[in-house]
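Residue strings, one per chain:
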Amino acid sequence: MKHIGAVRALMLAGILLLASQAQAFTPSKPAGQSVMDGVNAVLEVVKKHSEQGGAGDRQAYLEEVGEVLDPLIGYTVIVSRIMGQELLESSTQEQKLRFLEVFKRSMINTYAGGLYNFGSFEVELLPSQNDSENTVRNTRVNLNVVSPDGQEYPMVQSVYYSREADDWRMQNVIVNGVNLGVTFKSQFDQIYRDTGGDLDATIDEWERTTAETFDEEQFQ
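Residues numbered from 1 in each chain as written. Predicted model: local features only at pLDDT ≥ 70, side-chain atom pairs only at ≥ 80, totals over all residues. Heavy atoms only, no water.

Before going further, it helps to examine the overall build of the protein chain. Helix and strand counts for the protein chain come out as 8 helices and 5 strands. When its helices and strands are written in sequence order, the protein chain yields α-α-α-α-α-α-β-β-β-β-β-α-α. Taken over 220 residues, the protein chain has a buried fraction of 37%. A separation threshold of at least 6 residues defines the contact pool for the protein chain, and within that pool the share at least 24 residues apart is 58%. Counting every atom, the protein chain has about 13000 Å² of accessible surface; 53% of that belongs to carbon and sulfur. (Helix = DSSP H or I, 4+ residues; strand = E, 2+ residues; numbered from the N terminus. Buried < 20%, exposed > 50% of the residue type's maximum accessible area, 1.4 Å probe, protein only. Contact = heavy atoms within 4.5 Å. Areas by Shrake-Rupley, 256 points an atom, 1.4 Å probe, with all protein chains shown as cover.)

Dropping the structure here:
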């Protein structure tokens, strides 16, 4: 009987713990709204600079995109997944911080270059396809990107909730079936193999290829 009573007490404690955690998780806004606010903020910057024409404000454009993206993306989470647990444990703090900064620049360049000509696109928030909305670790927000000629591109943003920031942070995105998280991980692993497992050389190469793929032609 004492054993049964102890089990019941543990079960009750577990239920109370889960209830308290659920009660404590009270985001200031739903994940979908947070994602749409971020998307609209980025598109406003894109629209502003694309309407100016020319490449004269290239650096200003990059800096503005970076400022908008900084509170929207969970860079440390993404970088941790790209590097993998084993490499994270064996790398120095300096190497981790350096790759974090290099990756942030590559994300900004990718978004800035890729979106430059999409200021006139519309983005729609779709109904959730997941019964467990607004989960702390992973919520999928479904979007539909529509071009001026009516062509549609499905997008899924995977976000987690940052209690520190009291907002949602993007940790992955799938655009038209292309999983960027998987793409980044594959790219990193390939470079790491090509450099013979030299992390510093891998970071150098990541930075070099990022700069190569984003040049002034993107602004014409």
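That was the structure; now back to the text.
To continue, consider the pairing of strand β4 (residues 167–175). Most of β4 is tucked away, with 7 of its 9 residues classed as buried. Strand direction decides the pairing type here: strand β3 (residues 152–162) and β4, joined by 8 bridges, are antiparallel. In the sheet register, S162 faces β4, and the bridge partner there is D167. Linking β3 to β4, which pair antiparallel, is a turn of 4 residues; within it D166 sits at a positive phi near 55°. Pairing of β4 with strand β5 (residues 178–179) involves 2 bridges; the strand directions are antiparallel. Within the sheet, the bridge partner assigned to V175 lies in β5 and is V178. Between β4 and β5, which pair antiparallel in sequence order, lie 2 residues; one of them, N176, sits at a positive phi of approximately 50°. (Pairing = 2+ DSSP bridges.)

A pair of packed helices is captured by two measures, namely the crossing angle of their axes and the spacing between those axes. At a minimum axis separation of 10 Å, helix α2 (residues 31–52) and helix α3 (residues 58–69) run at an interaxial angle of 170°. Taken as axis vectors, α2 and α3 run roughly antiparallel relative to one another. The residues of α3 that touch α2, namely those facing G38, A41, V42, V45, V46, K48 and H49, are A60, Y61, E64, V65, V68 and L69. For the contact of α2 with α3, the per-class residue count stands at 9 nonpolar, 2 polar and 2 charged. (Axes fitted to C-alpha atoms, helices over the stretch in contact; angles between N-to-C directions. Parallel < 35°, antiparallel > 145°, perpendicular 65-115°, else oblique. Nonpolar A, V, L, I, M, F, W, Y, C, P; charged D, E, K, R; others polar.)

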